Amino acid sequence: MIFRTANPRTARSALRKVRSTTALRPLQHRLDPARVEEIPFHAGDGVRLGLTRVDPGDRAPAPDRPAVLLLHGHTASADMFLLPETRNLVDALLDEGHEPWLLDWRGSCRLPYNETGGRYTYDDVALYDIPEAVAHIRARIGDRPLFVVAHCIGSLTLSLSMTAGLVPGLAGVVSQGVFLTPKLAGRTSLRMTLAGELLKSRIDHIPVDFRKVGLRSRYTPLFALASRKATCPDPTCQILHNSAWGTGASLFVHEHLTDRTHDRLADLLGPAPLWILPHLRRIELARTVVRWHETDHRYRALPQNALDAAARIDTPVLLLAGSENGLWLDSQRLCRDVLAHRQPQLDVRYTEIPGYGHLDTFLGRGAALDVFGHILDFLEERR
């Protein structure tokens, strides 16, 4: 298949320009800009992150207004909760009188760290990004309840923070896709291992926007492989829906995306860094979230094995997953069963969304009707 692309020289220059600064790419939303507060925010190790507060206005009195922190998945960003073309999760939260807070942790595509800059592991997200965002929000909201809604790797790293006791006293957590017991398909796990070994000396990340890298780039074979048996002609959709950055998994049910969301995939999901694969591979082999750093004393606050420390979870947890999740399979159902056996005292429930995949639980055209109600009901019960 021949892809139409921009001039390779122009594309490469644009890519270098994007990589040259740690400034956040602007959020895309339809809210009144005066209600969107971008907060300068750095993690404890000095990494610049993004923290955004959306003012609910007069929809609920301030003392009765719970805060909800939204955590995106790796290579996504806060944009996934603010889609201007659909009724998004922030819309739903505002209508119910909640105060949304959105963290762009260091894996966000609004930031450049997946392509350039200092490398990191999920230990850094669990130790620095999430706890410090929670502390900042609590300093602003006082005694009001704070909930967290987390997606994919944002949820996985949150589980490590929670079992380390770094974010105690949350009012409730909604985990989408994966939490304490990650489970990948065999072929996905195999491809992840092979990609890490075969490609690590050639490339450091897998892009999603073919227009930027160009037809003659070193990434063309990856896009060509992703296009095999694809029903959609768009290269970005192929490498995400048909291949999940080359792993052979699927990130969403194609029919659930509006045309506008489909056209924005390259903005909503960014390049996947290959150097994170060893940590992800160790997590998947252990079938739980494990610490990467064994000897560095800075990470001793994190448990070596989050599942073994699950008794420290002190808040109700709702595990959400689409029945057609092509990436993490039935990880959430497995998590519910394992915790029911090992930690029966925990308040953990599991809800499966029929017909949904992974990302479309937030990006899908019908997510407001099929998914968000489960989240809002859970928050309302514990308000």
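Higher on the page you've got the structure.
Residues numbered from 1 in each chain as written. Predicted model: local features only at pLDDT ≥ 70, side-chain atom pairs only at ≥ 80, totals over all residues. Heavy atoms only, no water.

A. Here's a closer look at the overall build of the chain. When helices and strands are counted, the chain shows 15 helices and 10 strands. Taken over C-alpha atoms, the radius of gyration comes to 20 Å for the chain, in line with the 21 Å a tight globule of 383 residues would show. For the chain, the spread of C-alpha atoms along the principal axes amounts to about 55 × 45 × 40 Å. Within the span of the chain, comprising 383 residues, buried residues form 60% of the whole. (Helix = DSSP H or I, 4+ residues; strand = E, 2+ residues; numbered from the N terminus. Rg over C-alpha atoms; globule rule 2.2 N^0.38 Å. Buried < 20%, exposed > 50% of the residue type's maximum accessible area, 1.4 Å probe, protein only.)

B. Representation of the pattern of salt bridges in the model. Across all of its chains, the model carries 28 salt bridges by this definition. Across the salt bridge formed by D91 and R30, the nearest N and O atoms sit 2.3 Å from each other. Of this pair, D91 sits in helix α2 (residues 89-95) while R30 sits in the loop between α1 (8-19) and β1 (36-42), and the two are 61 residues apart along the sequence. For D91, a relative accessible area of 11% puts it in the buried group. In this structure, E37 and R140 form a salt bridge, with 3.1 Å as the shortest nitrogen-oxygen distance. Taken together, the positions of E37 in strand β1 and R140 in helix α3 (residues 122-141) put the pair 103 residues apart, joining distant regions of the chain. (Salt bridge = Lys/Arg side-chain N within 4 Å of Asp/Glu carboxyl O.)

C. Region of interest: the sheet that holds β1. With mixed pairing, 8 strands are arranged side by side in an open sheet as β1-β2-β4-β3-β5-β6-β9-β10. With one partner strand each, in any of the chains shown, β1 and β10 (348-353) form the two edges of the open sheet. Averaged over all neighbouring strand pairs, the angle between strand axes comes to 20 degrees, with direction disregarded. Here 4 bridges tie strand β6 (residues 172-176) to strand β9 (residues 317-322), and the two strands are oriented parallel to one another. By the bridge assignment for β9, V174 is matched with L318. The strands touched by helix α15 (residues 372-381) are β3 (67-71), β5 (146-151), β6, β9 and β10; relative to β9, the strand with the most contacts, the crossing angle is about 175 degrees. (Pairing = 2+ DSSP bridges. Axes fitted to C-alpha atoms, helices over the stretch in contact; angles between N-to-C directions. Contact = heavy atoms within 4.5 Å.)

D. Seen up close, the packing of α3 against helix α4 (residues 153-163). With their axes 9 Å apart at the nearest point, α3 and α4 run at an angle of 80 degrees to one another. Regarding the angle of α3 to α4, the classification is roughly perpendicular. On α4, the residues that touch Y122, D123, V125, A126, I130 and P131 of α3 are I153, G154, T157, L158, L160 and S161. Across the contact of α3 with α4, the residue classes tally to 8 nonpolar, 3 polar and 1 charged. (Parallel < 35°, antiparallel > 145°, perpendicular 65-115°, else oblique. Nonpolar A, V, L, I, M, F, W, Y, C, P; charged D, E, K, R; others polar.)

E. Inspection of unusual backbone geometry at higher detail. Although it is not a glycine, R287 sits at a positive phi angle of roughly 55 degrees. Turning to its location among the elements, R287 is positioned in the loop between α11 (277-286) and β9. If you check the backbone angles, L329 has positive phi at about 55 degrees while not being a glycine. The residue L329 is located in the loop between β9 and α12 (331-342) in this model.

F. Here's a closer look at α12. With 12 residues, α12 ought to run about 16 Å at 1.5 Å a step, and its terminal C-alpha atoms sit 16 Å apart, in line with that. Here α12 has its buried residues at S331, Q332, C335, V338 and L339. Viewed along the axis of α12, the buried residues span an arc of 120 degrees, placing them on a single side of the element. Lining the buried residues of α12 we find β6, β9 and β10. (Expected span 1.5 Å × (residues − 1). Arc of directions from axis to C-beta.)

G. Structural context of the pairing of β3. Summarising burial for β3: 5 of the 5 residues are buried, a large majority. Where burial is concerned, the two faces of β3 agree: the one with A67, L69 and L71 and the one with V68 and L70 are both buried. Relative to strand β4 (residues 99-104), β3 runs parallel, the two being bridged by 5 bridges. Looking at β4, one finds that A67 is bridged to E99. Where the polypeptide runs from β3 across α2 and back to β4, its parallel neighbour, the crossover connection is right-handed. Of the pairings in the sheet, the one linking β3 to β5 comprises 5 bridges and is parallel in character. The residue of β5 that forms the bridge with L69 is V148. (Right-handed = clockwise from strand over helix to strand, strands pointing away.)

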